[in-house]
Each structure stands twice: as C-alpha cells, then as structure tokens.
Amino acid sequence: MSLTIPTVNLAAIGPELALTVGALILLLLSLGRYRRSTGLLLAVALGSLAVAFALVIAAWKAPVEAFAGSVALDRFAVGFSLAILSAATLTVLLSLNELERSYLLLADYYGLVLFATVGMLFLASATSLVMVFVGLETLSISLYVLAGQRRTQASSLEAALKYFLLGAFATGFFLYGVALIYGATGTLQLREIGTYVGTHGIFGSPLFAFGVLLLLIGFGFKIAVVPFHMWTPDVYQGAPTPVSGFMAAGSKAAAFAALVRIVFVAVGPTVVNWTALLWVLAVLTMFVGNVLAVVQDNVKRMLAYSSIAHAGYILVAIVAANDLTNSSVIFYVLTYTFMNVGAFGVLSALASRDKEALDVHELSGVGYQKPLLGLAMAIFMFSLAGVPPTAGFMAKFYVFSAAVKAGYIWLAILGVVAAMISVYYYLRVVVYLYMREPDGETTAWPRLVPAVGVALGVAVLAILGMGVWPGSVMGMLRQAAALL
Amino acid sequence: MLLLVLADNYLLMFVGWEGVGLCSYLLIGFWYEDHYNAYAGRKAFVVNRIGDYGFSLGMLLLFAVYGTLKYDVIFSQAAHGVGVWALGAVTLLLFVGATGKSAQIPLYVWLPDAMAGPTPVSALIHAATMVTAGVYMVVRSHVLYLLAPDTMLVVASIGVFTAIFAASIALVNNDIKRVLAYSTISQLGYMFVGAGVGAFAAGIFHLMTHAFFKALLFLGAGSVMHALSGETDMRKMGGLKDKLPVTYWTFLMATLAISGVPLFSGFFSKDEILWQAFISPHGSFWIWLIGVIAAGFTAFYMFRLVYLTFHGKSRVPPELAHHVHESPPVMTIPLSILAVLAVVGGYVGVPKVLGGGQHFERFLEPVFARNAEELIGHLPHHSASLELTVMLISVIVAFTGIGIAYLFYMKRPDLPVALAARFRGIYTLLLNKYYVDEIYNALIVQPIFHLSNSFLWKVFDVKIVDGLVNGVAALVERTAQRLRRTETGLVQNYALGFLVGVVLIVGYYLVK
Amino acid sequence: MNDFTPVLLMFLFVAFLVLFMLGLSLLLGPKKKSAVKGEPFETGMVPFELPGDRFSIRFYVIALLFIVFDVELVFLFPWAAVFRQLGWFGFAEMLVFIVILALGLIYAWKKGALEWE
C-alpha cells in the first residue's frame, strides 16, 4: 500500500496559522497570573492579527493553492480576508470599553475572537466543501460562545443558546447538502463540481439540485437571509455589543465569500432557476429587514435588522452574477465591516457598568455631550443609509450597478426603494443625537478608552476614504475578481 | 460659466447654464433681508425658468432626433441633412432658453429688476456671465440655426426689436443702473442680430467688447453710487466731473465705446454687426435701419446719462454733497484697466476696409467658416465704398444722438421737459417700460398664482402629494407592526419559520 | 412533471393520512380524564423526581471532553496503521495535533472542568 502525501504548503494557511498560535497563547495566558494584564493580552491578539495581515497582503502578489486544492489563498480570498481581519482588529480594540471589561475574561475572549477569525479566513479561501464546512463550524462555535460572554445577563445567555440551537439546525441542512452533492458528483472540490455541472447541468440530477438548495439554506442562515433570519435580532441584541458587530460584519463577509465562490466555481452563475430564487430572496431580505428596522427603538436590534437588509443588498450583486459581482461584493463587505463594527463600537463605548444606552431615546443630545462619538455615530449612520460621500453610498452604487448591468433593472429599483425606507431609521438616530434634548437627569457618560477611540477613528477614516476615492479601491478589487 | 463654455455637449452646457442661473439668482438676492431684493432675485429665477424650460425641451428634442447631445455628432449629422425637419423647432426652443438668459423680448423683464443686487454683481452678470450665455449658446449652435432659416429671421427680428425697444425705454429712465440695464438688453439685441444674420463672429466680437465697456459702465456707476451713498437717481446727481475725475474719464471712455464713436471698441463690433445685417443673405435693409436707429438711441441715452451725472449743476442733495469723494484705488484701478480695454478692445477686429486684419474673425474662423461656407456659400462680395458708406451713416447717427443729448441736457434743459409734456402719452409709456411688467402680471402671473393657490397647493400638494408620502410611511409602519409579531422570541417558532422556508424553497423546485 | 413528483404526492398523502387518523381518534375516541391518568408512568414505580429537572452541567463538560479524546483515538488508529509510510513527516504532524490537544486538556484542567465538586 502506498500513500501519496498531498503537497503541504503552509503559506496558503499562513494567516490562519498565525492566528491559531496567537489564540493558543492567549488560552495559556488565561490560566496563569497574566490573565488580567490587559496590555499583554492586547499585544498578543494584535500581534497575531498583524502577522496575519502581513501574510494576507503578501499573498496578493503571490496567490497560492495548496492541500490538494482544498485551500486557495487567491486575490479573491485576500479581498475578503482583509475585511475579516479588519473586523477582528476593530473588535479586539472596541472590546476594551468599560462595560465589557467588567465581566469579560479577556484572555479567553480574545482567544475566541481569533479562533472565529480563523474560521472566517478558511471560509474565504476554502475551495472544497469540506474546508467550507470546517471554516463554518470553527467560526460558528466560537461565536456561540462569544454571544454568551456576558455570563451574568440572561439576555446574553439566551442569545447564545438561541444562536447555538438554530445554528446547529442550519448546519444540519448544510451538511446534508454537502452529502447530497458528494453523492451526486463524487467529489467535494468546487472545481470538479463545476466540471460536473458543465456536463450534466444543475438539474442533471435531482440529488445534486437538492444538495445545492440545502447548501444555500445553510448559508442563508449564516448571512441572515429571510426567511432564515429570525435569530438575528435576538442574538445581536443579547450578545456583547462588540461581538454583535463582529458577528454581523465578519461572519457575513466570510459566508458571502464562500457563497460567491460556490456560485461562481461550482454551480455556475447563469442558471436561470437558481438566480430566480436568489432574486426573490434578495428582495424579501431587503424589505423585511428594512421594514422591521423602522419600528425598532432599541438601536442594537435596529442594527440587527439593518444587517439583514444589508445581506439583501449584497445578494443583489450575486444575482447579477457578472464581472462586477466579485469586486462589488468585496467592496460592500469591506465597507460594511467598518460602518457596522463602528456603529456597534460607538454603542459599546457609550455603555458603562451601570447603564447601557441602547434605546434611541437615551441617545438624545449625545452629539453635544460626546461630540466625537456623536460625530462618528452620525457618519456610520450616514454610511449605512448610503449617503454620499461615505463609502456606504459607493458600495450600494456598485452593487446596484452590477444588477443594472446584468439587466436586473427591477431588482435594482426595488433595492433603491428598500434603501430609501432604511434612511428613515438611520437618520432617526442622527436626529436623536443632535436634535433632541436629553430627557431627565444628565447621564454621566463613561470616559472614552484610547484604544476604542483609535478604532473608531480608523473606521471613520476608512469610510470617508473609500467614499471619496472609491475608484482606487475598486481598481484593486477588480483584480480580485480573478478566482484561482 | 466656464463649464458652460467648455462643455462639448448640450447636457453639460445645461449644467453650467443652470449653475450660472442659480449663482446669479443668489447674487441678485444677496441682500436678501430687503424684500425688494429678494423679489428681484426670485423674478430673475422664475423668468429664467421659463427660458430654461424651452432649452430643456429643445435639448430633449435634439436627443430624440439624434440620440446624442454631443455638439460634433449633432452638427456633422445635421450638416449632412439628418433630422433637418426638427431643427426649426429645436432652434426655436433653444432660442427661448436664450431669450430667458440673455434678457430678450419677451423674457427680458428680470434684468432691470436684477439691478437690485450689489453693483459689482450687476457688472459681472451683465458683462461676463449669465446674459452672454444665451448668445454663446445660439452661436455655439450656429450650424443648427443656419439650417433653420426661419429661426434665423426670428432671432434677428427679436434681436433688433429688443435693441430698439430697450433703447427707447432707456431714453427716459432716471435710474442710473436701470438705464445701463436696458442698455445691456439693447446691446444683447445687437448680438442676436449678429447671430440672426449669420454673422456669428461679429456677435461674439460684440459680446467681448461689450463685456469690457459694460463692466466698466457698471463699475463706474457703482463708483458714483459709492460717492453718493447709494443714490441711483440721476436727477439727484450732476456736476460730478470734478469730484470724481477717474470715474468720469473712464466712464466717458465706455460711453464713447458703447455709442459707437469711431476708434473705440464698440464702434468696430457694432458696425460689423450692422454691416453684416445689411449685406448678409439672412439680413435685410429693415433690420439694418432699425439697428442704426437703436444705435442713435444708444448714443443719446448714454450721453444723457453722462451729462446728467457728471456735467451741469450739481443737483446732489446738500446733506450728501459734502462728502462726495473719489473712490479708493481698489475701485479706480479696475476702472482704468477696463477703460483701456474698452478703448483698444476693438482693434483685434478692425475690418478689412479700414486696413485692419479682422484678427478676431480669423480667430473664430475654424469654428464658423467651415460650416458656414458649407451651408450658405461665400458671402457676396461688396464694394469697399458701400461698406464705408454704411459705416459712415452709423457714425453720423451716433454723433446725431450725442448731439441731441448735448442739446437737451446741456444747452436747453427745458427742451426735454417740453417734449415730455408734448408727447405725454409716449413719455409715460416709455417711463413705465411699456407696462410690460403690469401686462405680464395680469395675464400670466396672477392666473398662475390663483391656480397654484386654489388647486395645486391646497388640493394637489396637500392632499395628493403629501397624502401619498404620508400614506407610504404609514403603510411601512403598519406592515412593520404586523411583521414584528413574527419575532416571538421563542426558539421553536424560529426553527419552525426556518423549516417553512426550507419547505417552500424545496417544494417550489419539486413541483417544477 | 419530473421524477420526484410521485414522491411529493406520496409526502402529501402520508401527511393527509396521519392528520386524518389523528383527527379521527380525536373525534371518535372516548375521553375520560382522571388524576391517575395524568401521572407519569415509570414502570409501576412511584416517581421521586420531576422529569423536567435539570442535569448538572458537569455531565456535559465531561461528555465534551470524552468526545474530544474519542475523536483523537479515531484519528490515531489509521495514522498508526500507515505510520511507516508517513515517516517523520507524519510523526511531526501527529505531534502537532497531540500538542494542540494537550493544550486543550491543560486549559480544561486548569479551568476546573475536571473537578466534580
């Protein structure tokens, strides 16, 4: 009996390795006497993220594929990885606010964030369904735990449990889909599945078609597509605020990366029936998300619904399935990372041990009491609403223009209508920030932690920068359209 | 304005056009606390909207016919006979836009009121921007106009009629700035005459020289007003020559230029237009004749202005008189520079018959000649003597105007009063600007106002538009209230919803 | 009409049949409620604990740890079978795997997951 050992190229998983090592170090530190030394823990987390960043950027020049075609760190993966790593870095910094520090076991917490990031990166670079599944699970399990980090709060535990139960439910569908596809095609490599589709067509075998549908449902859960979105508000509301942002941005980026890759490489983008389904899902998602967000008073919950709506916008680009899809999705995901993590970050920066300002009424007059935070929040809201010159506008523009170019004019129009609904509730926050008198006694807002300030500043600059010079970013991302 | 001029298609030109309009509106209403100023700004804006509507309609028609708004494409296609049938309408609509912006009959009414703005703004609007936009546009589209001879006639007629119409109003007006405003309208009329008779280069030439001396006139008027603490009524001026020497001399230069006195810039450009009107196949003797009379009027009212303001006895109220002073250098230096330009600006276009090189026409030749020759053939050659005769006539007319002004306001100040008494009807008619504002008000503004007030606002806007907007908002709100009930918070229900989704999706594909 | 339409029809038929039978017994069956009938039935024994009681969390922790090492064994057996062919490369790989697992064990141990009380 002879064995062929597949080519081992650690460069392809370099970023993941760096983060794993960092996470393991953090876990060990959590056992000893350094578990309370914030600076050290922060340094380890940021250090491993920095190494990962460097390795990812290095891969831009030299894309690699390894492990018998299971992992490909191509430019496409690099684009998404940058969004994911940005989300993780911002989350690490934003978690240093007063409220979270009062109960977080920081070492374990950072470890879990890094593990989740590893899962996300794998999703971005996975080229085989098994790797997709491994990434998905790594990410999910870490997030289940992260959602329940406020161990003394019932809502946090509730969030974790709900997320876990429904996540497990969805994973079942996903895995079943993978099994069916394997049964139909005899392979798990996306490219070979693509060859199969090329010869048999997507409806060549019912087995395969069902597998694809179940796969889509599994992803639908992760990116919170209607009707698989119900968990989102409860979970985002209950989870620690920075984690909510991380879940929304990071896991969405990762799941979309895998979904786009599967759509383009394995299933083939132009199958009519498949796009019809995505079309309906995109419209439903945009409208349900936006309409429900209108009536929310709790800002975190509102942002949760808004994240559903944003998933819908991104789906629009996937429906388009043309040469603009990849670049516009990456641009959107990148933008969304900064504005969404930023928005949750502001909320968590406003929370103190005694009080967490989550209701929109509680934000009254914050724009004057905390001018910098108020300004940052306003910019995030404008960007989420898609007001120029923020990156949110350009992101929506690219997504919708991809749809228009592909001939889905009605889809683009519906998208714009949905976006108009969304303006209401985003600007409502701004109205409260600046145009309402604070009611009752003045709140003593907590002091701004420097790390949080830096993170928010970076997010604001990124949003404005990408909004003012979208062309150069987009030019880079165009090159990322090339899949390995 | 630069955008307007540099654009290579009508759409971009329109953007610049609107930008100019908006800025002018804001500048006219600069002192917006004053009710009248705000009103003037609004009037300028609304009247221009009418013109712009014509422009946009013309643009849409162009696009419908040619499928593009790029000049070169449209021009070359039109020159090859594509879509000529539409050009009559297109050019007329575009001309409506031009009459709005360049203050021609019937849309000139905003310009005299626009004098409410700060005087440098008036200078800017009249000399460089805004009003010249219409001329530029017509000239820019000369290919189209040449293909629509009827429109050319309309343009020339309206131009010359405006020229004499505005000049006649200026004869009797007593407000220094308003006289200049009507003079602008009149001069713009000349430019349209130039455009209308196919002398595009001459039109643009006049536009340029006019820019020099009209800016100078306005700034000079501003200087006078500065000296008199904002007084604009010429009846309360007089004898300012010695107190405001720089202003006087520069003002005189501009006046000589605008009156068409030989060797000053206005002479060359205006005469070029009149000559072309005389000989061009598009022109006619009548246009020329009216143009010459208007030139006489111009000379008269401009010198009337000069005499009333600077010569004779001072009629300045005593409380103002003691601090009449020359303006500071920051005002006089621009005046001097403009004065030089007003004098020599015409020498770039001295006609051949006077030994000049017609440099300006040469400069524009690449734009105009190519198309013009294609379309109307070579201009008939006329003898130099005829040109000189024509020129001489206009010079005589100009000097006659000056002479009459001198007679009326220097020698026999009683004469104008007597004349006014004698021709009471005409005088009142002129003084009231032919009652055009009142007629417009009664015929157009009031009916629209009533329609807006009774129907458009109270019914259409409040009930239908607002109702629609609020209705949509309420619908979203109600839908959301229903939908939020699906978020029960119970994990079992969520899983059920999930499953229903799965069943629907899979079921859909099963049935298919 | 494709190959799976009969399957769908069968699903529908089954669903109908189940609902029909349940509904039938609901309609026709005699219903007499009493206290005894409501008691949980534990092979004749008197129940000494409510069935809804919670288990100690420690069971889960132990179960999780057990699964981890169980799976490790599943990995180790095939590895051991082909150890010679894999050579030093295989050795190193498995070493890494076991070290990571050991780190996990240390973590669990230190966190007190192995303490029962």
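All of these numbers come straight from a predicted model, not from anything done at the bench.

**Concerning the overall build of chain A**
Stage number 1. From N to C terminus, chain A includes 20 helices and two strands.
Stage number 2. The buried share among the 484 residues of chain A stands at 62%.
Stage number 3. For chain A, the proportion of contacts with a sequence separation of at least 24, taken over those separated by at least 6, is 81%.

**Considering the overall build of chain C**
Stage number 1. Helices and strands together make up the secondary structure of chain C, namely four helices and zero strands.
Stage number 2. Going from the N terminus to the C terminus, chain C shows its helices and strands as α-α-α-α.

**A short note on the interface of chain A and chain B**
Interfaces are often sized by the accessible area lost when the parts come together.
Stage number 1. Counting from both sides, the interface comprises 22 residues of chain A and, opposite them, 20 residues of chain B.
Stage number 2. Looking at the side of chain A that touches chain B, the elements with two or more residues in it are helix H7 (154–185), helix H9 (206–222), helix H10 (231–238) and helix H12 (272–294) of chain A.
Stage number 3. Residue classes in the side of chain A that touches chain B are distributed as 20 nonpolar, no polar and two charged.

**Concerning the environment of A:Ser156**
All names here are of chain A.
Stage number 1. The topology assignment puts serine 156 in helix H7.
Stage number 2. Owing to 22 C-beta atoms within 10 Å, serine 156 belongs among the buried residues under this scheme.
Stage number 3. Distance in space between the C-alpha atoms of serine 156 and glycine 238 is 4.3 Å, their sequence separation being 82 residues.
Stage number 4. Not counting residues within four places of it along the chain, the set of residues in contact with serine 156 comprises Ala147, Gly148, Gln149, Arg150, Gly238, Ala239 and Pro240.

**What to know about unusual backbone geometry**
All names here are of chain A.
Stage number 1. For the bond from valine 226 to proline 227, the omega torsion is 10 degrees, close enough to zero to count as cis.
Stage number 2. Residue proline 389 follows proline 388 across a cis peptide bond; omega there is 0 degrees.
Stage number 3. Mapped onto the elements of the fold, proline 389 is located in the loop between helix H16 (371–385) and helix H17 (391–405).
Stage number 4. Positive phi is not limited to glycine here, since alanine 321 has a value of about 50 degrees.
Stage number 5. Examined against the element boundaries, alanine 321 turns out to sit in the loop between helix H13 (299–320) and helix H14 (325–349).
Stage number 6. The class of alanine 321 is buried, set by 24 C-beta atoms lying within 10 Å.

**Regarding the nonpolar core**
In a soluble, globular protein the nonpolar side chains are often hidden away together inside.
Stage number 1. Among the nonpolar cores identified, the biggest contains 211 residues, and A:Leu123, A:Val316 and A:Ala403 are the most heavily contacted of them.
Stage number 2. The biggest single contributor to this core is helix H11 (residues 241–267) of chain A, with 18 residues.
Stage number 3. The residues touching A:Ala403, leaving out its near neighbours within four places in the chain, are A:Val316, A:Ala317, A:Val319, A:Ala320, A:Tyr408, A:Leu411 and A:Ala412.
Stage number 4. Counting 145 residues, the second-largest nonpolar core is a separate cluster that includes B:Ile74, B:Ala166, B:Phe218 and B:Tyr409.

**Things to note about the packing of H11(A) against H14(A)**
Residue and element names in this part refer to chain A.
Stage number 1. The geometry of H11 relative to H14 is characterised by a closest axis approach of 7 Å and an angle of 170 degrees between their N-to-C directions. Of the possible angle classes, the one that applies to H11 and H14 is roughly antiparallel. Across the interface between the two elements, Thr241, Pro242, Ser244, Gly245, Phe246, Ala248, Ala249, Lys252, Ala253, Phe256 and Val260 from H11 touch Thr325, Asn326, Val329, Val333, Tyr336, Thr337, Asn340, Val341, Phe344, Gly345, Leu347 and Ser348 from H14.
Stage number 2. Residue classes in the contact of H11 with H14 are distributed as 13 nonpolar, nine polar and one charged.

**Describing the packing of helix H13 (residues 245–259) of chain B against helix H15 (residues 285–310) of chain B**
Residue and element names in this part refer to chain B.
Stage number 1. The interhelical angle for the contact between H13 and H15, taken along N-to-C directions, is 165 degrees, at an axis separation of 9 Å. Considered as vectors, H13 and H15 are oriented roughly antiparallel to each other. Of the two possible hands of crossing, H13 and H15 adopt the one that is left-handed. Facing Tyr248, Phe251, Leu252, Thr255, Ile258 and Ser259 of H13, the residues of H15 in contact are Thr298, Ala299, Met302, Phe303, Val306 and Phe310.

**Thoughts on helix H14 (residues 265–279) of chain B**
Given 3.6 residues per turn, any residue in an α-helix points the same way as the ones three and four places further on.
Stage number 1. Given a rise of 1.5 Å per residue, 15 residues ought to cover 21 Å, and the 22 Å separating the end C-alpha atoms of H14(B) matches this to within 8%.
Stage number 2. A large share of H14(B) lies buried, amounting to 14 of its 15 residues.

**Details of the environment of B:Gly134**
Residues and elements named next belong to chain B.
Stage number 1. Along the polypeptide, glycine 134 turns up in helix H8 (residues 131–140).
Stage number 2. Once the C-alpha coordinates of glycine 134 and tryptophan 17 are considered, the two residues, 117 residues apart in sequence, prove to be 8.9 Å apart.
Stage number 3. Setting aside chain neighbours within four positions, we find glycine 134 in contact with Gly97, Ala98, Thr99, Lys101 and Ser102.

**Topic: the confidence of the model for chain C**
Residue and element names in this part refer to chain C.
Stage number 1. Of all residues in chain C, 86% attain a pLDDT of 70 or more, and the chain-wide mean is 82.
Stage number 2. Per-element confidence in chain C is highest for helix H1 (residues 5–28), whose mean pLDDT is 88, and lowest for helix H2 (residues 35–38), whose mean pLDDT is 74.
Stage number 3. Among the prediction metrics, the complex's ipTM stands at 0.80, with pTM recorded as 0.67.

**A word on H10(A)**
Stage number 1. For H10(A), a buried count of eight out of eight residues is recorded, marking the element as mostly surrounded by other parts of the structure.
Stage number 2. Taken residue by residue, H10(A) has A:Trp231, A:Thr232, A:Pro233, A:Asp234, A:Val235, A:Tyr236, A:Gln237 and A:Gly238 as its buried positions.
Stage number 3. Turning to H10(A), the residues buried within the fold contact helix H6 (129–147), H7, H11 and H13 of chain A together with helix H23 (491–511) of chain B.

Conventions adopted
- Residues numbered from 1 in each chain as written.
- Chains lettered and ligands numbered in written order.
- Predicted model: local features only at pLDDT ≥ 70, side-chain atom pairs only at ≥ 80, totals over all residues.
- Helix = DSSP H or I, 4+ residues; strand = E, 2+ residues; numbered from the N terminus.
- Buried ≥ 20, exposed ≤ 12 C-beta atoms within 10 Å, placed from the backbone.
- Contact = placed C-beta atoms within 7 Å.
- Nonpolar A, V, L, I, M, F, W, Y, C, P; charged D, E, K, R; others polar.
- Core = buried A, V, L, I, M, F, W, Y, C linked by C-beta atoms within 7 Å.
- Axes fitted to C-alpha atoms, helices over the stretch in contact; angles between N-to-C directions.
- Parallel < 35°, antiparallel > 145°, perpendicular 65-115°, else oblique.
- Left-handed = near helix turned anticlockwise from the far one by under 90°.
- Expected span 1.5 Å × (residues − 1).
- pLDDT = per-residue confidence, 0-100.

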